[in-house]
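A structural walkthrough
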Amino acid sequence: MLDATLGVELDSNATRLDAEAASGDPVRAALMRGHARARLRYRPLSDLAMGATYDLAGKVFFTEAARGQDTLIHRLTAGASVRLGDGLALRLGGLYHEGFQRAVGPGSSAGAGLFAFRLLDGRSTLALLPAPWLVGAVGLGVRSFKYKPDRALSFDALLATVLVDIHRTLGKGKGESELDLGLAYSLSRRRFSDEPELLCPSHVPGCELPDGSPSKQAVTFPLPGAHRQDMVHRLSVQLTWVRRVLVSGAYEYTRSLSGSFGFGYQRHELRAKVVAPLFWEIYGTAQLRARLVLFETNTVLLDDPGFEEENLSHLLVQLERRLVGSFSLVLRYTLFLGDLISPRLSSLRHLVFVGCALRKRSP
């Protein structure tokens, strides 16, 4: 299987994550954006299935002021599933993801290098299929995240996951449809490269507030020799219905308990998606993502979320029409809304994309 898209895009706020560049008027810039995905599947034995997927994506801006956001990303996932018995299977999987981004200026914030990170992930999952329509699984894994512009955001993690997937076929004949319900819980113990920040006792020398500081401002100090550790709980539910139209909705709740003062948070995320045939052989996609993040404190430590800034609520509308063979024309508009509690104009962003897509399936 091969999917590829290439086209031009207009970004209304290209340098929003660069503190220095974003201090002035928003930089509107055109760019070339491309993405390709190749997928291979192989079954050497009746009880053994193997597969791999490779993604290559990038964007290059035409405006010099936005060239710091030029990006190249590649990603490889591979896995193997072994049937252990009736209704029982073991899956081993791995992921390698790395992004490269042009160097930003000395005054740029860490978030300006948003895509410049390396991610390694390895997992083993035991799946149980008690019925054709029911899958349950438990998994363990490790993860290594290296954020190149700011070592403090890098971490290694141990992972544990539990999930249940229910698939049902509804109706018969022309009225037949498919319904999927997925429930998942994961626990991640992250050990960061940075030292934890602890609340500073008022009686300790050097912990006094500087003159002119707000009396309610929290004072912290790093703990030498220690490492920040976060426990991240994530619970999600997703429902998908497919007939002539695809409709899906999902809710995800994340609770992060941080060993560093000011970095714990709760996150609520709601996602909805509809894909439907329209007219003149055009397929339309509408996608909504609403994210609400509540930090445990409003200290100055969190005035600039940096790396997390890109994970914003957005609305996407896409039209796609087949041209000839496996080629299609794609028109897409995306609006990034910013934080839902205190939206900022500096985060508002419009994207307009026009390009060509190749959708080639294996025979």
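Everything in this summary refers to the structure shown in the same document. (Residues numbered from 1 in each chain as written. Predicted model: local features only at pLDDT ≥ 70, side-chain atom pairs only at ≥ 80, totals over all residues. Heavy atoms only, no water.)

Counting its regular elements, the protein chain contains zero helices and 18 strands. Partitioning the intrachain contacts of the protein chain with sequence separation of at least 6 by distance along the chain shows that 57% fall at a separation of at least 24. When the accessible surface of the protein chain is summed, it comes to about 21,000 Å², and 63% of that surface belongs to carbon and sulfur atoms. (Helix = DSSP H or I, 4+ residues; strand = E, 2+ residues; numbered from the N terminus. Contact = heavy atoms within 4.5 Å. Areas by Shrake-Rupley, 256 points an atom, 1.4 Å probe, with all protein chains shown as cover.)

What follows is about the layout of surface pockets. Approximately 400 Å³ is the volume attributed to the second largest pocket. Lining the second largest pocket are 23 residues, with Thr 77, Ala 78, Gly 79, Arg 91 and Gly 93 positioned closest to its centre. When grouped by side-chain class, the residues that make up the lining of the second largest pocket number seven nonpolar, eleven polar and five charged. (1 Å grid on protein atoms, 1.4 Å probe; cavity = no way out; pocket = protein on both sides within 12 Å on 5 of 7 lines; lining within 4 Å. Points joined across faces, edges and corners; volume = space filled by probe spheres on them. Nonpolar A, V, L, I, M, F, W, Y, C, P; charged D, E, K, R; others polar.)

Attention shifts here to unusual backbone geometry. Look at Trp 280: it is not a glycine, yet its phi comes out positive at around 55 degrees. One can find Trp 280 in the loop between strand E14 (265-277) and strand E15 (282-295). Unlike most non-glycine residues, Glu 281 shows phi in positive territory, near 60 degrees. Its place among the elements puts Glu 281 in the loop between E14 and E15.

Let's shift gears to the environment of Gly 94. With respect to the helices and strands, Gly 94 occurs in strand E5 (residues 88-101). Residue Gly 94 is classed as partly exposed on the basis of its relative accessible area, which comes to 31%. Taking the C-alpha atoms as reference points, Gly 94 and Ala 80, 14 residues apart in sequence, are found 9.5 Å from one another. In contact with Gly 94, other than residues within four places in its own chain, are Leu 76, Thr 77, Ala 78, Asp 121 and Gly 122. (Buried < 20%, exposed > 50% of the residue type's maximum accessible area, 1.4 Å probe, protein only.)

Relative to the helices and strands, Ala 49 resides in strand E3 (residues 48-61). For Ala 49, a relative accessible area of 24% corresponds to the partly exposed category. Separated by 34 residues in sequence, Ala 49 and Arg 83 have C-alpha atoms that sit 8.8 Å apart. Setting aside chain neighbours within four positions, we find Ala 49 in contact with Tyr 42, Arg 43, Gly 79, Ala 80 and Ser 81.

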